[in-house]
Amino acid sequence: MIKSNSLAIIGAQWGDEGKGKIVDFFCKYADGCVRFQGGPNAGHTVVFDDKRVIFHQLPSGLTHSHLKGYIASGCIIDLEVLKNEIEELKNLGIDIKNRIFVDYRCHLIFPFHKEIDKKREELKKGVKIGTTQKGIGPCYEDKYQRIGIRIGDLKDFSLFSEKLKQEFLRKNYLLMEIYEVPPISEKSYLNFVKENREFFLSLITDVSKEVYEELKKGKKIIFEGAQGTLLDINFGTYPYVTSSSTIAGSISGQVGIPFNFIEEVIGVCKAYTTRVGEGPFPTELTNEIGKYLQEKGKEFGATTGRKRRCGWFDCGIIRYAKRINGFEKLIITKIDILSGLNELKIANGYIYEGNEIDEFIPELAYHLEPKYLELKPFNQDFNKVKSYKDFDEEVLEFLNTIERLTGCEIWAVSIGEKREDIIFKY
Ligand code: IMO
Ligand code: MG
């Protein structure tokens, strides 16, 4: 199923493309799965044997008992979320012993990061980002300010406690003086860490070295992207982005492996477009069709439960994501949700100040007027589709149009949520 030894799976839109299901699918054929950026802002849903798991920080392949899961140095970690996530897997009967590896360089998200994230959004007048309020921005800020505390610091608990107490002091001052909220006590958090320290220590390693050695041995590794290309800190719709780099090119720098170790990149995108949180969205549908997609697609954020905004498939975005990430192959998800509409459109480029534009331009995103192509709507019972040739003519027309307009080959089409419902073209 996977020819190359290292395959990166990248979101080509604004996140929530269905990466979890795709990563889980490929992990059956892999030896390891690496999360390389982000933190508990991600919500990757995996459905198997009538069970459902939402991965936030752990790599989505861990339901496969043979697989090793790595959290690389580009990730940030909320220890409380991590502990809960691991408990959840155990409760589902999944044995994770000696299967989870966390880089000692990962920075930690503390209660004050979450509080600052929340308060800052509440008080903002102009640019509200609509963050997940998981403390992502404030934690990465500390990392780049070089005042962050890393998971590896747990090795020396008295130094860790000292550093953390200092940080609580500084952040409480900020919370009280700027945000006018009561201070947070460090006691219960430190107790939690103390109680679970041995367990966390058992997960810590040098992921850069481990992954390098696995790849050298010829093991197959999946690199799991979180969020999506348009949420990338540099190449997304800034400032409506996340605080990490989500694109394929950043994998080597965030994992700590040579860049030529990434052999293949695939883009994952929904058969329509969604976005959760604020920011520009050229093909957004605020009408009945948007509502239909939101309801039928159960488009609620897997992390925050917020309603996702929905709109038509946008080729300009995929062209941009293709160029930035270098993928040639696409996996299209949730095709079934488009079934039953009496209108079907794809945006093929934009008009900006009277000129035609092919590729999405983040800087102009609020001013891009999509050019739509009308396609024949379809109404297919996807339960009966077992191979690519079973797709109705109109569905094939939709897929062929995407291939033609984006210059990407569709590798597979995913239907619904279940692990086995994915149709490969070849
Ligand atoms: P997965 O991995 C969709 C969005 C938030 C907000 C912006 C910044 O499941 O695709 P943050 O909390 O990161 O500072 O929020 O990014 N966002 C996501 N949207 N899917 C995600 O992850 C997201 N992670 C963050 O809604 O607009
Ligand atoms: Mg998600």
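None of these values were measured; they are calculated from a predicted model.

1. Observations concerning the site of ligand 1
Then step 1. Lining the immediate environment of ligand 1, one finds 21 residues, of which Asp16, Lys19, His44, Thr132 and Thr242 sit closest.
Then step 2. Thr242 places a side-chain nitrogen or oxygen 2.6 Å from an oxygen atom of ligand 1.
Then step 3. One of the backbone nitrogen or oxygen atoms of Val276 is found 3.0 Å away from an oxygen atom of ligand 1.
Then step 4. In isolation ligand 1 exposes 550 Å². Once the protein is present, 97% of that is buried.

2. Section: the domain arrangement of the chain
Then step 1. Domain boundaries assigned for the chain yield domain 1 (6–102 + 205–265), domain 2 (107–201) and domain 3 (269–424).
Then step 2. Spacing between the C-alpha centres of domain 2 and domain 3 amounts to 37 Å.
Then step 3. Summed over both partners, the interface of domain 2 with domain 3 buries about 380 Å², with 56% contributed by carbon and sulfur atoms.
Then step 4. Considering only the side of domain 2, the residues that lose the most area to domain 3 are Gly130, Thr132 and Lys134, jointly responsible for 66% of the buried surface there.
Then step 5. In this assembly, domain 2 and domain 3 are joined by 0 salt bridges.
Then step 6. At the junction of domain 2 and domain 3, the tally comes to 2 residue pairs in polar contact (both at pLDDT 80 or more).
Then step 7. When grouped by side-chain class, the residues that make up the side of domain 2 that touches domain 3 number 1 nonpolar, 3 polar and 2 charged.

3. Looking at the pattern of salt bridges
Then step 1. In total, this model carries 28 salt bridges according to the counting rule given.
Then step 2. For the salt bridge of Arg52 with Glu417, the shortest nitrogen-to-oxygen distance reads 2.7 Å. Within this pair, whereas Arg52 is found in strand β4 (residues 51–55), its partner Glu417 is found in the loop between β19 (409–414) and β20 (422–424), the two being separated by 365 residues in sequence.
Then step 3. Residue Glu417 is classed as partly exposed on the basis of its relative accessible area, which comes to 40%.
Then step 4. The partner of Lys334 in a salt bridge is Glu299, and the shortest N-O contact between them spans 2.9 Å. Taken together, the residues Lys334 in the loop between β15 (329–333) and β16 (344–352) and Glu299 in the loop between α9 (288–296) and β13 (309–311) connect sequence positions 35 residues apart.

What counts and how
Here the residue index of a chain counts from 1 through its sequence in written order. Ligands are numbered from 1 and chains lettered from A, in the order in which they are written. For this predicted model, a pLDDT threshold of at least 70 governs which residues receive local features, and a threshold of 80 or more governs which side-chain atom pairs are given and counted, while totals over whole chains, interfaces and linings are taken from all residues. By convention in this description, side-chain values take in all heavy atoms of the structure and omit both hydrogens and water. Near is defined per residue: the residue qualifies when any heavy atom it owns lies within 4 Å of the molecule or strand. Identification of polar contacts relies on pairs of N or O atoms within 3.5 Å, with a donor-acceptor requirement for protein atoms, meaning one able to donate a hydrogen and the other able to accept it, and with residues adjacent in sequence counted only if both atoms are side-chain atoms. What sets the accessible areas is the Shrake-Rupley method with a 1.4 Å probe; for residues, cover comes only from the shown protein chains. Delimitation of the domains relies on an automatic or database domain assignment. Note on terms: buried area is the combined drop in 1.4 Å-probe accessible area of two parts once they are placed together, counting the loss on both. Salt bridges are identified by distance alone: a Lys or Arg side-chain nitrogen within 4 Å of an Asp or Glu carboxyl oxygen. Three classes are used, and their members are as follows: Ala, Val, Leu, Ile, Met, Phe, Trp, Tyr, Cys and Pro are nonpolar, Asp, Glu, Lys and Arg are charged, and the others, Gly among them, are polar. Labels follow the DSSP assignment, with helices taken as runs of H or I lasting at least four residues and strands as runs of E lasting at least two, numbered in each case from the N terminus. Throughout, exposure labels follow a simple rule: accessible area from a 1.4 Å probe, protein chains only, divided by the maximum for the residue type, with under 20% read as buried, over 50% as exposed, and the rest as partly exposed.

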